[in-house]
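Below, each chain spelled out in residue letters.
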Amino acid sequence: MSESAPTAADTRKLAQQARDRVRFEEEALELSDQVYRMARRLAGSREEAEDLVQQTYERAFRAWRQYTPGTNLRAWLLRILTNLNIDRGRKVQRSPDLQPLEEGDYYLYNRLEESGREPNADQDRVDERLSQDDVVAALSAVPHDFRDVVVLVDIGDFSYADAAQILEIPIGTVMSRLHRGRRILKRELADEAVGSA
Amino acid sequence: MAAVDPCDKCEELLQPYLDRELSDAERAEAELHLDGCSYCRRRYRFEEELRRFVRQAAVEEMPPDLKQKLAELRTSLF
């Protein structure tokens, strides 16, 4: 029997696979803006974010068969990206800040109020008191383990369950890191906006 | 046992409230307090707006050449 004579079934299977692959790549590329947006906040610099996104897509395109159609492709891509980001020498960075955090959830509002930037009570316009640069600087000052969760949930709009799966940590850890990460973010925002306490 | 200050309690509920993670009873407790407390109400409203602001402020457009590079990584076309 000749190897060069594929059956009709083989041909159909190959054609189907080719279509699946094209579909996967198109869907993955459609998500690239969102993937970049999160990479930009997870990585330290624009260059790092660009490298990270490129590596993510290289790996995703190679491993496309591991993706189960119909499941959350954005989460699948983010899982690759966060793994790559952790592998990129994150271990040498300082470990998460485990000191007790005195500031509560009203801290930022209270600091702005004390500084005289407190708004007219009926028009609490955050954008009059904080700039985009304040947010970018404050986010980058949040330690990685906390920032990962804040970026996925508050910027990427992932559920706690998705974030847990992406980062391969228990859902309870997602919740505690999110709680603490948001408080650290507000402390950093207060420092950006009105100076260190 | 010392009584918990109701505003401290409300502050504790802020994040799970906005995340819609509270039980019905806890949510009702927070809303009852918020109805009568402008101090907490302002801070809740601020937090809600802050989250929206952070989300928008964090957005940075992808450089067009990166998009092109990603498209070139496709293997199915070759």
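See the structure printed just above.
Presented here is a report on the structure given in the accompanying data block. All values reported here derive from a predicted model rather than from experimental measurement. (Residues numbered from 1 in each chain as written. Chains lettered and ligands numbered in written order. Predicted model: local features only at pLDDT ≥ 70, side-chain atom pairs only at ≥ 80, totals over all residues. Heavy atoms only, no water.)

## Focus: the interface of chain B and chain A
The criterion, for reference: Whether two residues are in contact is decided by their heavy atoms, any of which lying within 4.5 Å being enough. Reported buried area values correspond to the accessible surface (1.4 Å probe) lost by two parts on association, with both partners' losses combined. In what follows, salt bridge is the name for a side-chain nitrogen of Lys or Arg lying within 4 Å of a carboxyl oxygen of Asp or Glu. Here a polar contact is recorded for every N or O atom pair within 3.5 Å, except that within protein the pair must consist of a potential hydrogen donor and a potential acceptor, and residues adjacent in sequence are included only if both atoms are side-chain atoms. Only DSSP runs of H or I reaching four residues or more are called helices, and only runs of E reaching two or more are called strands; each is numbered from the N terminus. Gly is put with the polar residues, along with every residue not named as nonpolar or charged; the nonpolar set is Ala, Val, Leu, Ile, Met, Phe, Trp, Tyr, Cys and Pro, and the charged set is Asp, Glu, Lys and Arg.
Facing 38 residues of chain B, the contacting portion of chain A comprises 51 residues. Roughly 4300 Å² of surface becomes buried between chain B and chain A when both sides are summed, with 56% attributable to carbon and sulfur atoms. Linking chain B with chain A are nine salt bridges. Close ionic contact of Lys186 of chain A with Glu47 of chain B constitutes a salt bridge, the shortest N to O distance being 2.7 Å. Counting across the chain B and chain A interface gives 18 residue pairs in polar contact (both at pLDDT 80 or more). Among the elements that line the side of chain B that touches chain A, the one with the most residues is helix α3 (residues 38–57) of chain B, at 15 residues. Class assignment for the residues of the side of chain B that touches chain A results in 19 nonpolar, three polar and 16 charged.

## Observations concerning the nonpolar core
Condition: Joining through side-chain atoms within 4.5 Å is the link that ties buried Ala, Val, Leu, Ile, Met, Phe, Trp, Tyr and Cys residues into a set, and such a set is a nonpolar core. Exposed residues in this analysis have more than 50% of their type's maximum accessible area, buried residues have under 20%, and partly exposed residues fall in between, with area computed by a 1.4 Å probe over protein chains only.
If you look at the biggest cluster of nonpolar residues, it comprises 68 residues, and the most contacted ones within it are Val53, Tyr57, Trp76, Leu77 and Leu78 of chain A. With eight residues, helix α4 (residues 73–87) of chain A is the single largest residue contributor to this core.

## A word on α3 of chain B
Definition in use: The length a helix should cover is 1.5 Å for every residue beyond the first.
Compared with an ideal rise of 1.5 Å per residue, which puts 20 residues at 28 Å, α3 of chain B spans 28 Å between its outermost C-alpha atoms and is within 8% of the ideal. For α3 of chain B, the complete set of buried residues consists of Cys40, Arg43, Tyr44, Phe46, Glu47, Glu49, Leu50, Arg51, Phe53, Val54 and Ala57 of chain B. Of the surrounding secondary structure, the elements contacted by the buried residues of α3 of chain B are α5 (107–114), α6 (132–141) and α9 (171–194) of chain A together with α1 (6–18) and α2 (24–36) of chain B.

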